[in-house]
Amino acid sequence: MIILQLFINAFSLGSFYALVALGFALIFGVTHAFNLAHGEFVLLGGYLAYILVGQMHFPFLLTLPISMLAMIFVAVLLQKLLRYVNEPYELNTLVVTFGLALVLQNGMLMLFSADYRFIRSTAPIIELPKTQLVVTQTQIILILTSLLATTALYILLRRTFLGKALRATIQDREAAKLAGINVRRMSLIGFAIGGTLIGLAGPLYARTAYLYPSGGIEATLIAIIITIFAGVGRIRGILLGGWALGIAESLTVYSLGTGWRELVSSLFLISLLLLRPEGILPRRMGANG
Amino acid sequence: MMRTGSKPAAIYFIAILLFFICWPFLFQNSALYYRVMTMTFFYGALALAWNVYALTGNISLGHAAFFGLGAYGSALLSYYWHTSPYLTIPFGGIVGALYGALWYAVFRSLRGARFALATLASVEIPRVIIDNWESFTFGSLGLIGISSLTTLRFGSIVIAVGESLKAQYYLLLCFTLLILFIHWKVMKSKWGWAIRALREEETAASMLGVNTNFIHFATLLLSAFLTGLCGGIYAHLMGLIEPPLVFSLHISALPLVLTMFGGRYLVYGPLLGALILYPLDQLLFHSLLPVGHSILYGLMIILTLLFFPRGIGSWVQKRKTAS
Amino acid sequence: MRDRPHKESIMKSFYGVLSLILIIFMFLAASILLAGPATAESNPIRIGEIDPLTGKLAKHGQEIHEGILYAIEEVNSFGGIGGRKVELFSRDDQSQPEVAINQTEDLLYREKVVGLVGGYVDSLVGPISELAAKHQIPYVASASLQKGLTLGRKNPYFFRVANLDGIVQPLCGFLIQDLKPKRAAILFAATPGSTEFGQQVRSCLLDAGIEIPIFEKFRPGSPDFSAFLLKVRQSNVDVLISGGFFADHLVLVRQLKDQNIRLKAYIGPWGVAYPTFIEALGEASNGLFGMCAWNPGIQIAGTEKQSHDFVGGFTARFGKTPNTTTMHGYTSAKALIGAISRVSESGNDLSGENISRELRSLDLLLPMEHLQFDKNGDPMNYRQVVVQIEKEKMVPVYPAERKTGEVVQPSTN
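Here the residue numbering is sequential within each chain, running from 1 through the sequence in written order. Just so you know, chain letters begin at A and ligand numbers begin at 1, following the order they were written in. Totals for whole chains, interfaces and linings use all residues, but because this is a predicted model, local features are given only for residues with pLDDT of at least 70 and pairs of side-chain atoms are given and counted only at 80 or more. Hydrogens and water are ignored here; the side-chain numbers use all heavy atoms of the structure.

Visitor: Please provide a residue-by-residue account of the overall build of chain B, values included.
Guide: When you go through chain B residue by residue, the secondary structure sums to 16 helices and four strands. For a compact globule the rule gives 2.2 Å times the number of residues to the power 0.38, and the radius of gyration it is set against comes from C-alpha atoms. Against the 2.2 N^0.38 benchmark of 20 Å for 323 residues, chain B shows a C-alpha radius of gyration of 20 Å, consistent with a compact globule. Expressed along its principal axes, the backbone C-alpha trace of chain B runs to roughly 50 × 50 × 45 Å. Three exposure classes are used, based on accessible area relative to the maximum for each residue type with a 1.4 Å probe and protein chains only: buried under 20%, partly exposed in between, and exposed over 50%. Taking all 323 residues of chain B together, the buried fraction comes to 62%. As presented, chain B carries roughly 12,300 Å² of accessible surface, and 71% of it is formed by carbon and sulfur atoms. Under the DSSP-based scheme used, a helix requires at least four consecutive residues in state H or I and a strand at least two consecutive residues in state E, with every element numbered from the N terminus. Every accessible area reported is derived by Shrake-Rupley at a probe size of 1.4 Å, with residue values counting cover from the shown protein chains alone.

Encoded structure:
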C-alpha cells in the first residue's frame, strides 16, 4: 500500500518534471538554442499566474491558457534576440542565455521582491475508496496535463504537415533546408510552441513548488537533464524520462534516505546515458517523437 | 608549417606581464586590489584548465568535480596529516586527475550534449559522498581552519605567503602563467594539431593515424589535474570549504563563460575573459549597484557575445582565428 | 588561415590590446575616484554592511539590510552621532566567501568604514570576522549560528547578536518539558548551521530518552518531500522537527496535509514564525510551531513601546511588516551605533579599538534581547521563544516567563 502511494506521488512528480522540460526540449530540438534562462521563463509564467490568482481572483485553470499565450510572446522575443547569435550557435546561445538568466533573475528580484510565493490549492484531498491512498487535485492536474501536452505534441509532430517539417528540422537542419523547408519559420514556430509549453509549466510550478527570483536554476537543471536523457527531439521520451526520474528519486529517498537522493539520480542518469545512447526510448526505424 | 606571428605577440605579452609584475610596487597598501587580482588570476587559471579539455571539442559541464575533489583532497591531507600545502596542492591535482581517468573510462563513448549531461551528473557523486561521510570529511559542516600557504624560505629571503596578500598575488600570477604556458603548448604544438584534428573530424583524424584515444585521455587527465590544482589552491587560500561551495554549478559554468567571452581558440582567451569580467564586476559593478550588479554583468556577457561571437579576444586579434 | 600583410595586422592588434587596457583602467580609475573619502564639510560616519542581497538567500539578506537601514535612518533623524550623520554602505556577498572578502576589503579600503554589520551565513561571517580582526575594525554579525566562530577564538573585533544556543536550548526545553514526545523525526538542511542544529537537538533529545528513528539531511531547494513524509508516517513519530528554511516549510507543510499525515507537532525553528509565512499558507498554518527572537507583539518585557514604535515606523518607511530577521539586522546596527555613540561622547576618536571596547561593555535593552556581549563576542541573553500559530496568529508558548497562551493539541492536524 505504501509502495502504491509512493508510486502515485512519483508519477505526479515525474509529470511535473516532464512538463518543466517540454518547452526546453522542443526549443533545443528544433533550433539547437540552449536556453539556460529556461527556468526564469517558467518563473515568469508562474508570477503571471500568481498575480492573476492573487490580485484578480481568476480561477487557477484559467491562468493556464493566459500564461501560455503570454509566454508565446516572450518566447518569440527570445527568438528574435537569439537570431543575432552567430556560430558556434549552441555554445553561444548557452552563454548569451546565461547572461540573460542573470538579468531576468535580478529583474524579477526588483519587480517581485525576494519573498517566496506560491499559489494555494484549496481543493480537498481525494481519498481513493477502500484504500488508504490519497491523491490531490494538483497531482491529478499534473498527470493529466503532462499526458495531454505530450499527446498533443505527438499528434502535431506525427500527423500534421507542420509536424513533419518540424521533425525534419530537428533531424537534420541542413537537409531540411535543401528539401525546401523554411527553416527560419520553423525556428519561429519552434520557439512559439516552446513558449506555449513553458507557459503551461509556469502556473503549475507556482502551485507545486514555489516562486522565487533565484529559483529558475532548479527548473533549468530539470529541463536539461530530462531533455538530454530522453534523447533530443523524442517527445514521448520526455514523459517516460520524467516518470523514470521521479520514481528513481522517490525510491531512493524512501529506502536510503533523503541525503542520497542526488547521488542515486546521477548514477541512474549516467547509466541510462551509457546504456541507451539514443535516449530512453528505443530507436525505431524512421520514428521520431 | 606554423606562422604564429610570435614576435609582435611576444612584445606586448611581455609589456602586459611587466605591468602586472610592477604595479604592486606603486601601490603598496592596496589589499583590495591584491585580493581581486589574485582571484582574477585564479579564475583565469581555472578557465584555462577547463579549455585545455574543451579544445578537444567536448564541452564539460562537470569540472567542478575535479575542483571539489582537488580541494577536499588537499584540505583533508593537510588537516589529518599536517602536510605542507605545497605538497597537498599537487596531491589535490592527482585526485582530480584520478577522477578524470574515471571519466575517460566511463564516458568515452559519449559526445556532445550527452557528454555534457553526464559530466554534469558526475559532480553529484563525489559531492554527496563527501557530504554524507561526516566522520572523515565533516560533511555539511565543512572543513574550516585549513592551514594557509606556508612561508617560503630561500636562504635569507622569507616570503610569508600565508599572511602577505602581495605574496599571494605573485604566487597566483606565477601559477596562472604556468597554466597559460601549458595551455599555449597544448594549443600550438604537435599535440595541439592532433587535438584540433580530433575536434574537427574525429574519424578522419584516426584514419590519418592520430592516436585519438590517447590524445583524448591525456588531455582530459591534464585538464583534470590542473583543475584539481586550482581546487587545492582555493582550499588553502580561503581556509574553509564545504561541499556546496566547491562542487557548485558556478565553478563548472564560470570557466565556460569566461572562455567564450575571451575567445575559445586564443591562447590567452580564457585568461582575457577573467581579466576583464572579474575585476570589473568586483570593483565597479558591485559598488555602483549593490543590488543590480548582476544585471550589468549579464548584459555585458550578452552584448559581448552578440557583437563578438568569437569572444572579445577576436577584436583584439584581428587575424582570423581557428574556426 | 591566410596571412594578412604583417604590419597592418600588428598595428590593429596592438591598438586593440592597448585600447582594451585603457578602457579597463579608465573604469577602475573612475571607480577609485567615485569612491573617495568624503569631503571636509559632510564627513559622515561610515558603516559597512555585507549581506546576501541577491541570490538564494536574498530574502533574508534584504530583510537584514532593511533592519540595518532603518536603525541608521532612525539615528540620523535624531541628528546622527555627535552631530555627524551616519552613512551606510551596502555590499552584496553573492553567498560566496571570496566575494564577501573582496567586498569587505572594498568597504575597508575604499569606503573607509569604521564598523561592519550584517551577515547571514557562517561560511561568510567567518572570513569577514577574520578580515575585521586583521584590520582592527569591529564587526557585529546579524545572524550567525555555529559555535566554532566564537569558541576559543580570541577575536576581540567580532560580535554577534544571535547564536545557535539561543535556538537549541529553548527548543529542547520545550520538547522535553512541555510536549514530551516519545518519538521524534529530525530533518535538517545540508548547510553547516542547520547540520550543527540537527546534531545538537538530536543529542539533547536522546539524552532525555526520546527516540529518533529518522534523522535525515536534505538539500535546500528540493521541491518534493513526499517520499520522506511517507517514511515519517510509517515510523509513527509524534513530532517532526524541520531544520529547513521558509521555502522548505512551504512544501513540507503542504505535502503533510496532502498526504493526510497526523503529527502531534511540526516544528520549524527557521522560517515558520514569519507573518508572510502565515499569509502564504493561510489556514494551513494553524497548529504549526515555529521559533523567533522577536515578532510584532512578541518582545522582551519592558520594550513594548520601543517594539511598537519600531513596527509602526518600519511599516511606514518600507510598506511592509518587519519580522524576526529584520530585527536581527536592526539589533546589530543598534549595537554598533550605540558603541560609536559612546566613543563619540567620550571625545575619543572612532578607532576600531575604542569602538570594540565599548561594544564589550555594551548594555542595551532592545525588543529582541537584552543585548550584552560575553568575552567571546557571543550574546549573553539571546533566547528565542517557541510560538504556535493559532487562528493565524503567533502565540508564544515557551518559555514559561514569555508565554501568552497554551499549546493547542490537534484533534485533526
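Visitor: An account of the sheet that holds strand β9 (residues 265-268) of chain C is needed here, citing residue identities and associated values.
Guide: Residues and elements named next belong to chain C. Between any two strands, pairing holds if DSSP finds at least two bridges. Read across the open sheet, the seven strands follow the order β7-β6-β8-β9-β10-β13-β14; overall the sheet is mixed. Sheet topology places β7 (211-218) and β14 (393-398) at the edges, where each strand pairs with a single neighbour. The mean angle between the axes of side-by-side strands here comes to 25 degrees, regardless of whether they run parallel or antiparallel. Taken together, the six bridges between strand β6 (residues 183-189) and β7 define a ladder with parallel strand orientation. When the sheet's bridge partners are listed, Leu187 is paired in β7 with Glu216. Two residues form a contact once any of their heavy atoms are found within 4.5 Å. Orientation is described by axes fitted as lines to C-alpha atoms, over the contacting stretch for helices, and by angles from 0 to 180 degrees between their N-to-C directions. Strands β8 (239-243), β9, β10 (289-292), β13 (385-390) and β14 of the sheet are contacted by helix α5 (residues 165-179), whose axis makes an angle of about 75 degrees with β14.

Visitor: Please set out the state of the cysteines residue by residue, giving values where relevant.
Guide: Count a disulfide wherever a pair of cysteine sulfur atoms falls within 2.5 Å. Counted under the stated rule, the structure contains one disulfide over all chains. The disulfide partner of Cys172 of chain C is Cys204 of chain C, and the gap between their sulfur atoms is 1.8 Å. Its S-S torsion of approximately -80 degrees makes the covalent link between Cys172 of chain C and Cys204 of chain C left-handed. In this pair, Cys172 of chain C is assigned in helix α5 and Cys204 of chain C in helix α6 (residues 192-207), connecting sequence segments 32 residues apart. When its relative accessible area of 7% is taken as the criterion, Cys172 of chain C is described as buried. Judged by its relative accessible area of 17%, Cys204 of chain C falls in the buried class. The structure places no disulfide on Cys230 of chain B, whose sulfur is separated from the nearest cysteine sulfur, that of Cys174 of chain B, by 14 Å.

Visitor: Can you break down the packing of aromatic side chains residue by residue, with the values?
Guide: For any pair of aromatic rings, geometry is given as the distance between the ring centres together with the angle between the planes. Residue and element names in this part refer to chain B. Pairing of aromatic side chains requires ring centres within 6.5 Å, counting the rings of Phe and Tyr and the six-membered ring of Trp. Pairs whose planes differ by under 30 degrees are stacked, by over 60 edge-to-face, and all others tilted. Scanning the model with the defined rule gives 54 aromatic pairs over all chains in all. Look at Tyr34 and Tyr169: their rings are 6.1 Å apart centre to centre, the planes differ by 40 degrees, and that puts the pair in the tilted class. Separated by 135 residues along the polypeptide, Tyr34 in helix α2 (residues 31-54) and Tyr169 in helix α8 (residues 165-187) bring together distant segments of the chain. Look at Tyr34 and you get buried, because its relative accessible area is 4%. We classify Tyr169 as buried; its relative accessible area is 0%.

Visitor: Run through the nonpolar core, naming residues and quoting values.
Guide: Among buried residues, those of type Ala, Val, Leu, Ile, Met, Phe, Trp, Tyr and Cys that are joined through side-chain atoms within 4.5 Å constitute a nonpolar core. Tyr205 of chain A together with Phe42, Tyr43, Tyr234, Ile241 and Leu256 of chain B are the most contacted members of the largest nonpolar core, which has 198 residues in total. Tallying contributions element by element places α2 of chain B first for this core, with 19 residues. For Tyr205 of chain A, the residues in contact, after removing those within four places along its chain, are Phe16, Val20, Val42, Leu43, Tyr210, Leu211, Gly215, Glu218 and Ala219 of chain A. Formed by 48 residues, the second largest nonpolar core is a distinct cluster that contains Ala114 of chain A together with Ile214, Leu229 and Ala247 of chain C.

Visitor: Go over the sheet that holds strand β2 (residues 86-92) of chain C with me, naming the residues and quoting the values.
Guide: Residue and element names in this part refer to chain C. Judged by pairing direction, the sheet is parallel, and its five strands sit side by side in the order β2-β1-β3-β4-β5 without closing on themselves. What marks the edges here is a single partner per strand, and that holds for β2 and β5 (158-160). Mean inter-strand twist for the sheet, computed between neighbouring axes without regard to direction, equals 25 degrees. Note that strand β3 (residues 115-118) and strand β4 (residues 139-141) share three bridges and pair parallel. Counterpart to Gly118 in the pairing with β4 is Ala141.

Visitor: Explain helix α9 (residues 216-230) of chain A to me, using residue names and the numbers behind them.
Guide: Each turn of an α-helix holds 3.6 residues, which means side chains three or four residues apart point in the same direction. Taking 1.5 Å per residue, 15 residues should reach 21 Å; α9 of chain A reaches 21 Å between its end C-alpha atoms and fits that length. Of all 15 residues in α9 of chain A, 11 are buried, a share of seventy percent or more. Within the span of α9 of chain A, buried status applies to Gly216, Ala219, Thr220, Ile222, Ala223, Ile224, Ile226, Thr227, Ile228, Phe229 and Ala230 of chain A. Among the structural elements, α1 (2-31), α2 (38-54), α8 (183-208), α10 (235-255) and α11 (261-275) of chain A together with α5 (112-122) of chain B are those in contact with the buried residues of α9 of chain A. Remark: Gly231 of chain A follows α9 of chain A within two positions and exhibits a positive phi of approximately 95 degrees. What a helix should span is 1.5 Å times the count of its residues minus one.

Visitor: Could you give an account of a nonpolar patch on the surface, with specific residues and numbers?
Guide: Residue and element names in this part refer to chain A. On the surface, Ile126, Leu128, Ile140 and Leu144 cluster together into a nonpolar patch covering about 300 Å² of accessible area. Mapped onto the elements of the fold, Leu128 is located in the loop between β1 (126-127) and β2 (134-135). A residue is classified by how much of its surface remains accessible, and Leu128, at 33% relative accessible area, is partly exposed. Patches here are clusters of residues that have more than 30% relative accessible area and form no salt bridge, with a 9 Å joining cutoff for like charges and a 5 Å cutoff for nonpolar side chains (Val, Leu, Ile, Met, Phe, Trp, Tyr). Salt bridges, as used here, are contacts in which a Lys or Arg side-chain nitrogen is within 4 Å of a carboxyl oxygen on Asp or Glu.

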